[in-house]
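# Topology and contacts: notes
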Amino acid sequence: MSVLAAIPSPSQGVWHLGPFPLRAYAFCIIAGIVAACWIAEKRWVARGGRPGEVLDIAIWAVPFGILGGRLYHVITTPQPYFGEGGDPVRALYIWEGGLGIWGAIALGGVGAWIACRRRGIPLPAFGDAIAPGLLVAQAIGRLGNWFNQELFGRPTTLPWALEIDPEHRQRGYEQFATFHPTFLYELLWNLAAAAVVVWADRRFRLSHGRAFALYVALYCAGRVWIEALRIDDANRLLGVRLNVVTCVVVGLLAVAYLVWQRGRPGEVLDRDGDGIGDDAGRTAGLAAGGTSDRDADDTAAVVRGDADGASTSTDAGRRSRGSDRSHDTPGTP
């Protein structure tokens, strides 16, 4: 097979600082987490949340997510660890790759729910804030697969084909040198999906978990065709890769949720249950560009999709100002 051009794979994915290995895969995962937290923090504060709450929730969600991702991978691909010639201890070697996104989302969601419950935060509202950040994190994490030379697709001679060293090629494909760079396909798809979520969030003012559901639906749509290109060993259900089946089922559930929640108004970030937007929303609204106390109430007391904090009047915002109009900012209508 001759190729005119190809994407080279990194010559190594591990560097040693004395006795300590520095693994590119781990750095990619960490970089993705940092990016997701940064994006979520900006969106959360703009939607009426308090600064620092995203990090407080991440302290719970990230460890749960890593554990869930590894459990999903091991359960759905047990042969390397518990099959013939397998090594159970390697199930603990997270740095070698193998974090299933659905396990990470499931258990990570449990961790986020615990943290949100402790702080009186509605989980769907937090999910809407973090949705595009998760897509960016997944895109960055895919670079770790590139460094590990894993999870590539079928052989190809396309100009953007990926070179794979002989020791990393799948059995039965040793004679091929270049393959579909599925890590790159998913990276680009995730970034595009993140942009769509942000746009839809602003355009339709998504709330009540709808931005998160859109993230899930878009990710599943891309993962189905990308997964179909891969040639790595995988368990199958009725001849179809298990991850494809999971994506179809989860994606359809996400679409059903979007339809079910269609047309719902923005939800009020109300921790004390009095039906009035929190004071944190007023501060966040001013930071997001509000020009008065009244505008800030209307802007940030409502947890909605327009992450830039565009002003929208609500009954909750009016109640939060009280009935004494004499305290309004002079000149405010």
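Right above here is the structure, for reference.
Below is a short write-up of the structure.

Reading the values: the criteria
- Residues numbered from 1 in each chain as written.
- Predicted model: local features only at pLDDT ≥ 70, side-chain atom pairs only at ≥ 80, totals over all residues.
- Heavy atoms only, no water.
- Helix = DSSP H or I, 4+ residues; strand = E, 2+ residues; numbered from the N terminus.
- Buried < 20%, exposed > 50% of the residue type's maximum accessible area, 1.4 Å probe, protein only.
- Areas by Shrake-Rupley, 256 points an atom, 1.4 Å probe, with all protein chains shown as cover.
- Pairing = 2+ DSSP bridges.
- Phe/Tyr/Trp six-rings, centres within 6.5 Å; stacked < 30°, edge-to-face > 60°.
- Contact = heavy atoms within 4.5 Å.
- Axes fitted to C-alpha atoms, helices over the stretch in contact; angles between N-to-C directions.
- Parallel < 35°, antiparallel > 145°, perpendicular 65-115°, else oblique.
- Left-handed = near helix turned anticlockwise from the far one by under 90°.
- Nonpolar A, V, L, I, M, F, W, Y, C, P; charged D, E, K, R; others polar.
- Expected span 1.5 Å × (residues − 1).
- Arc of directions from axis to C-beta.

### Notes on the overall build of the protein chain
Within the protein chain one finds 11 helices and 8 strands. The 333 residues of the protein chain split such that 46% are buried. Carbon and sulfur atoms provide 65% of the accessible area of the protein chain, an area that totals close to 16,700 Å².

### What about the pairing of strand β1 (residues 14-17)?
Across 4 bridges, β1 lies against strand β2 (residues 20-23) in antiparallel orientation. Counterpart to valine 14 in the pairing with β2 is arginine 23. Between β1 and β2, which pair antiparallel in sequence order, lie 2 residues; one of them, glycine 18, sits at a positive phi of approximately 65°.

### Digging into the packing of aromatic side chains
Applying the stated rule across the entire model yields 13 aromatic pairs. For the pair tryptophan 199 and phenylalanine 204, a centre-to-centre distance of 5.7 Å together with 90° between the ring planes defines the contact as edge-to-face. Clustering of aromatic rings is evident, with ring pairs tying together Trp15, Trp146, Phe147 and Phe183.

### Observations regarding the environment of isoleucine 29
With respect to the element layout, isoleucine 29 can be found in helix α1 (residues 24-46). Along the chain, isoleucine 29 and isoleucine 66 lie 37 residues apart, while their C-alpha atoms are 9.7 Å from each other. With residues up to four places along the chain from it excluded, the contact list for isoleucine 29 reads Leu99 and Gly141.

### A short note on the packing of helix α5 (residues 123-148) against helix α7 (residues 210-229)
Packing of α5 against α7 brings their axes to within 6 Å, and their N-to-C directions diverge by 25°. It follows from the interaxial angle that α5 and α7 lie roughly parallel. The handedness of the crossing between α5 and α7 is right-handed. Listed contacts from α7 to Gly127, Asp128, Ala131, Leu134, Leu135, Gln138 and Arg142 of α5 are Arg210, Ala211, Phe212, Tyr215, Tyr219 and Arg223. Its residues assigned to classes, the contact of α5 with α7 shows 7 nonpolar, 2 polar and 4 charged.

### Re α1
The end-to-end C-alpha distance of α1 is 33 Å, a good match for the 33 Å that 23 residues give at a rise of 1.5 Å each. One or two steps after α1, the chain reaches glycine 48, where phi turns positive at roughly 110°.

### Looking at helix α8 (residues 242-260)
Look at α8: 27 Å from first C-alpha to last across 19 residues, which is about the 27 Å you get at 1.5 Å a residue. Of the residues making up α8, those classed as buried are Asn243, Val244, Thr246, Cys247, Gly251 and Ala254. What you see down the axis of α8 is that its buried residues fit within an arc of 150°, all on one side. The outward face of α8, more than 90 degrees from its buried face, is lined by the exposed residues Leu252, Leu253 and Trp260.

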